[in-house]
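# A closer look at the structure
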Amino acid sequence: MEKDKISVTSDNIFPIIKRFLYSDQEVFLRELVSNATDAILKLRTIEKLGKIEEILDDLKIKVKIDKKNQTIHIIDNGIGMTKEEVEKYINQIAFSGAEEFIQKYKNSASFSIIGHFGLGFYSSFMVARKVVIYTQSYEKNSPSIFWSCEGTPTFRMNEIEKRDRGTEIVLFLNEESREFLEYDRILKLLQKYCKFTPIIIYLSSTEKEKEIFINNTTPAWKKNPTLLKDKDYLDFYHELYPNQLENALFWIHLNIDHPFRLTGILYFPKIENKIDFQKDRIHLYKNQVYITDNLEGVVPDFLSLLKGVIDSPDIPLNVSRSHLQSDPSVKNISKYITRKVSNKLDSLFRTDRENFQKKWEYIKLIVEYGMISTKNFFEKAKKFFIFSTINGMFFTLEEFKEKIKNFQKNKDGKIVFLYTSDKEKQYSYIQNAEDRSYEVLILNSPLTVHLIQKLEMDDPDISFVRIDSDPIDKLIHKEEKYSSEISEKEKEDLKNLINTHLMKEYKFSVKLENLSKKDSPFLIIIPEFLRRMKEMNTLGRKIVENDQDKFYQLIVNTNHLLIKKILKEPKDENKKILIQEVFNLTLLSKNLLQGKNLTLFISKKLEDLSK
């Protein structure tokens, strides 16, 4: 048997294959099964053209593990190859500039360079010390061919005894890749990459009696949507995500042929009130072969919160089919998906608003994220984005504006959208607003501050303020003004007293206000603009306790009876005790009385009760 050389005019092709694809070593199985799938699909095409006489049935792919001989076999009964085709597709790495490529990049560590040409079959040398091919073309007059290579540009090829139509590839695994002789390892790889391959795949092992069937050849996304019922979509959802216990809320079936080809199903899961991009992400397939769940660029960031499948033969990939190439078609696909999602949400809102409102709590984070990050989505979404009040009523932006425009305005004439982020913690502030018949929204997502900034920029007539960011009569403009019942001298004394006895430790800024007698003597607030600045700058980081003091402001109600009592108290020590008591109660109401101060406060109260 004569030896020959692979026509690439360089001895360095195999080290380069191993070097640049090593991190994705497992993709060898995906590539070989994909090649086998293509071989069978090509045979079906030839049959449709009437160029083959035999009846094609039982078309399949077999993956066999032979642990004793340390080999993996990938067998198909597809189109097969003639001697000339082996020469063309295997012996000649027929890519323009292959020699130049190798010379240019052989010392490079860059993974992305592989995107310049396809490797396919040669990925097998990442795991094999030797690869053998047995192939018989569908052309009956063609001989069966044997081909063998041991990971160098030298190969053996000759005609052999006639075999059945198709191709068998045998991988003699190298020492470092023996993990792929484990049945469970190969099973998991096939389930990962080939779960929905369009040709039946069987897995067998010399150590197991039973051959098992691996894949669903007709997944839901490849079917006509008119033929699918809700149960079909939900069953497929759980097939994609076996560990997902809850059902999806609803879904979008994608199907477009022009200007690009794309099919898929996107599911809206129940989203908790936090952003989690890590688990159960959207899967990208190319002709029903799994590629990746990293869809950066293909779908906008906000849709990475969805689950499901996207399948497109028009998404450009690099050589390992693992990474997306930068391409204008990818941007068009992203726009199409965004439009389909916004249309679906808009349709649900308009046709069944009651049901939409029931699901809103679970989908609002996706909508909010889309509104702050994607301009086209914002323009559509602001029409179906709904606000929930503390009483469980729902309003669009325009509906709420219309409801409150005549009696919730600030001193600048802007319509004030009062909101709470926590009904329990901000209960007293909500009560003050309700006592004045004001409407209060619930805005409690991690994206609230970004969303309201965006809405205010879009509509200069509105202003969002959290209910605890100032006394209620300061947030909403009132013609009626409260006059001070203490003198300017008393105000100065009061401020000095507070700064002397209270602000040594807490360092809040202090502001005296003429409020209603019904309002609290002290209020601890973070003004709206300061709190927004804090939330946007910290991005979820915990602020050090000493640093957060600078955000707080202590509002002193000069008209409260307790304030007057403190001022009239003749003994300085009693003044100090009284003012500290009122301050501690205020801190306690804001959950700011902690550690040593909280312990001392409780001890004193217990002592007073014991007297």
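Refer to the structure printed above.
Attention in this report is confined to the structure presented alongside it. Being a predicted model, the structure only gives us computed values, none of them experimental. (Residues numbered from 1 in each chain as written. Predicted model: local features only at pLDDT ≥ 70, side-chain atom pairs only at ≥ 80, totals over all residues. Heavy atoms only, no water.)

## Some thoughts on the sheet that holds strand β13 (residues 289–292)
Basically, it comes down to this: DSSP-based pairing: two strands are paired if at least 2 bridges between them are found. Numbering goes from the N terminus for both helices and strands, where a helix is a DSSP run of H or I of at least four residues and a strand is a run of E of at least two. Only C-alpha atoms enter the line fits that serve as axes; for helices the fit covers just the stretch in contact. Angles between N-to-C directions range over 0 to 180 degrees. Only heavy atoms enter the contact rule, under which two residues are in contact if any of them lie within 4.5 Å.
Strand order in the open sheet formed by five strands is β10-β11-β14-β12-β13, with mixed pairing between adjacent strands. Each end of this open sheet is capped by a strand with a single partner; those strands are β10 (250–256) and β13. Strand after strand, the sheet turns through a mean of 20 degrees between neighbouring axes, direction not considered. Sheet topology places strand β12 (residues 283–286) next to strand β14 (residues 307–311); three bridges connect them, and they run parallel. Of the residues in β14, the one forming a bridge with H283 is V309. Packed on one face of the sheet, helix α7 (residues 328–351) meets β10, β11 (262–268) and β14 and runs near 135 degrees to β10.

## Side note on the pairing of β13
One ladder, built from three bridges, connects β12 with β13; its direction is antiparallel. Within β13, the position partnered with Y285 by the bridge is Y290. With antiparallel pairing between neighbouring strands as the criterion, β12 and β13 make up a hairpin whose turn holds two residues, including N287 at a positive phi of roughly 55 degrees.

## Concerning the side chain of T586
In this fold, T586 is placed in helix α19 (residues 572–589). Those residues in contact with T586 that lie beyond four places of it in its chain are F522, L523 and I524.

## Examining the packing of aromatic side chains
Filter applied, for reference: A pair of aromatic rings is counted whenever rings of Phe, Tyr or Trp (Trp by its six-membered ring) have centres within 6.5 Å, and the orientation is called stacked for planes under 30 degrees apart, edge-to-face for over 60 and tilted otherwise. Only protein chains enter the calculation, and the probe is 1.4 Å; a residue is then buried if its accessible area is under 20% of its type maximum, exposed if over 50%, and partly exposed in between. For a Lys NZ or an Arg CZ to count as sitting over a ring, it must be within 6 Å of the ring centre and within 35 degrees of the ring normal.
Scanning the model with the defined rule gives 38 aromatic pairs in all. Taking 5.0 Å as the distance between ring centres and 85 degrees as the angle between the ring planes, the aromatic pair formed by W360 and F385 counts as edge-to-face. Separated by 25 residues along the polypeptide, W360 in helix α8 (residues 353–373) and F385 in the loop between α9 (375–381) and β15 (386–389) bring together distant segments of the chain. In this structure F385 comes out as buried when scored by relative accessible area, which is 3%. Ring pairing ties together the aromatic residues F302, F349, F356, W360, F377, F384, F385, F387, F395, F400, F417 and F464, which thus form one cluster. Directly above the aromatic system of F172 lies the positively charged group of K130, at a separation of 5.1 Å from the ring centroid. Stacked on the ring of F378, the Lys or Arg K454 has its end atom at 5.2 Å from the ring centre.

## Concerning the nonpolar core
Soluble globular proteins: nonpolar side chains tend toward being buried together. Rules: We call a set of buried residues a nonpolar core when its members are Ala, Val, Leu, Ile, Met, Phe, Trp, Tyr or Cys and they connect through side-chain atoms within 4.5 Å of each other.
Of all hydrophobic cores here, the largest spans 69 residues; its most connected members are F121, W147 and L171. Not counting chain neighbours up to four residues away, the residues in contact with L171 comprise F28, L32, Q70, T71, I72, I74, S124, V127, A128, K130 and V131. Core analysis: the second largest hydrophobic core is formed by 59 residues, L254, L262, V330 and L441 among them.

## So, the packing of α8 against helix α12 (residues 448–458)
Definition in use: Relative orientations are named as follows: roughly parallel for angles under 35 degrees, roughly antiparallel for angles over 145 degrees, roughly perpendicular for angles from 65 to 115 degrees, and oblique for any other angle. It is the rotation of the near helix from the far one that decides the hand of a crossing: anticlockwise by less than a right angle makes it left-handed, clockwise makes it right-handed. Polar here means any residue other than Ala, Val, Leu, Ile, Met, Phe, Trp, Tyr, Cys and Pro, which are nonpolar, and Asp, Glu, Lys and Arg, which are charged; Gly is therefore polar.
Where α8 meets α12, the closest approach of the two axes is 9 Å, and the angle between their N-to-C directions is 50 degrees. With respect to each other, α8 and α12 are oriented oblique. In the packing of α8 onto α12, the handedness of the crossing is left-handed. Residues E368, M371 and I372 of α8 form the contact with α12, whose own contacting residues are H450, L451, K454 and L455. Of the residues assigned to the contact of α8 with α12, the class counts are four nonpolar, one polar and two charged.

## Concerning the sheet that holds strand β22 (residues 553–557)
One open sheet accounts for three strands, arranged β20-β22-β21; its pairing is mixed. The open sheet terminates on both sides in strands that have one partner only, identified here as β20 (509–513) and β21 (522–525). Across the sheet, the mean angle from the axis of one strand to that of its neighbour is 25 degrees, orientation sign disregarded. Here β20 pairs with β22 via five bridges, running parallel. If you follow S509 over to β22, its bridge partner there is Q553. Running over the sheet, α19 touches β21 and β22 and is turned about 40 degrees from β21.

## Overview of a nonpolar patch on the surface
For the record, the criterion: For patch detection, residues must exceed 30% relative accessible area and be free of salt bridges, and they are connected within 9 Å for like charges or within 5 Å for nonpolar side chains (Val, Leu, Ile, Met, Phe, Trp, Tyr). Here the Shrake-Rupley method, with its probe set to 1.4 Å, supplies the accessible areas, and only the displayed protein chains count as covering residues. We define a salt bridge as a contact between a side-chain nitrogen of Lys or Arg and a carboxyl oxygen of Asp or Glu at a distance within 4 Å.
On the surface, I602, L606 and L609 cluster together into a nonpolar patch covering about 330 Å² of accessible area. The topology assignment puts L606 in helix α20 (residues 595–610). On the basis of relative accessibility, which here comes to 51%, the residue L606 falls in the exposed class.

## Observations regarding empty space enclosed by the protein
Rule in force here: A cavity here means a set of points on a 1 Å grid, drawn over the protein atoms and nothing else, where a 1.4 Å probe fits but cannot get out; a pocket is an open set with protein on both sides within 12 Å along at least five of seven lines, and a residue lines either one if it has an atom within 4 Å of a point. Grid points are joined across faces, edges and corners, and a volume is the space filled by probe spheres set on the points.
One pass over the structure, following the stated rule, counts four cavities of 30 Å³ or more. In this structure, the largest cavity encloses a volume near 50 Å³. Lining the largest cavity are Y429, N432, I467, D470, P471, I472, D519 and L523. The class makeup of the residues in the lining of the largest cavity is five nonpolar, one polar and two charged.

## What about the pairing of strand β8 (residues 201–205)?
The side chains of a regular strand alternate, residue by residue, between the two faces of the sheet. A large share of β8 lies buried, amounting to four of its five residues. Where strand β2 (residues 61–66) lies against β8, five bridges are found, and the strand directions are parallel. The residue of β8 that forms the bridge with I65 is S205. One ladder, built from three bridges, connects β8 with strand β9 (residues 208–213); its direction is antiparallel. Looking across to β9, one finds that L203 is bridged to I212. Counted between consecutive antiparallel strands, the loop separating β8 from β9 contains two residues.

## Structural notes on the packing of helix α14 (residues 488–501) against α19
Where α14 meets α19, the axes come as close as 11 Å, and the angle between the chain directions of the two elements is 75 degrees. In terms of their interaxial angle, α14 and α19 are classed as roughly perpendicular. Residue-level inspection shows L494, L497, I498 and H501 of α14 in contact with α19, the latter providing K575, K576, I579 and Q580.

## Looking at the side chain of D468
Applied cut-off: In protein, a polar contact requires one atom able to donate a hydrogen and another able to accept it; more generally it is a pair of N or O atoms within 3.5 Å, and residues adjacent in sequence count only if both atoms are side-chain atoms.
Looking at the element boundaries, D468 is found in the loop between β19 (462–466) and α13 (472–475). In terms of polar contacts, D468 uses its side chain to reach the side chain of R466, at 2.8 Å. Within the structure, the side chain of D468 is placed 3.3 Å from the side chain of K590, a separation counted as a polar contact. When near neighbours in sequence (up to four residues on either side) are disregarded, D468 contacts Q426, Y429, I525, I526 and K590.

By themselves these figures say nothing about function.
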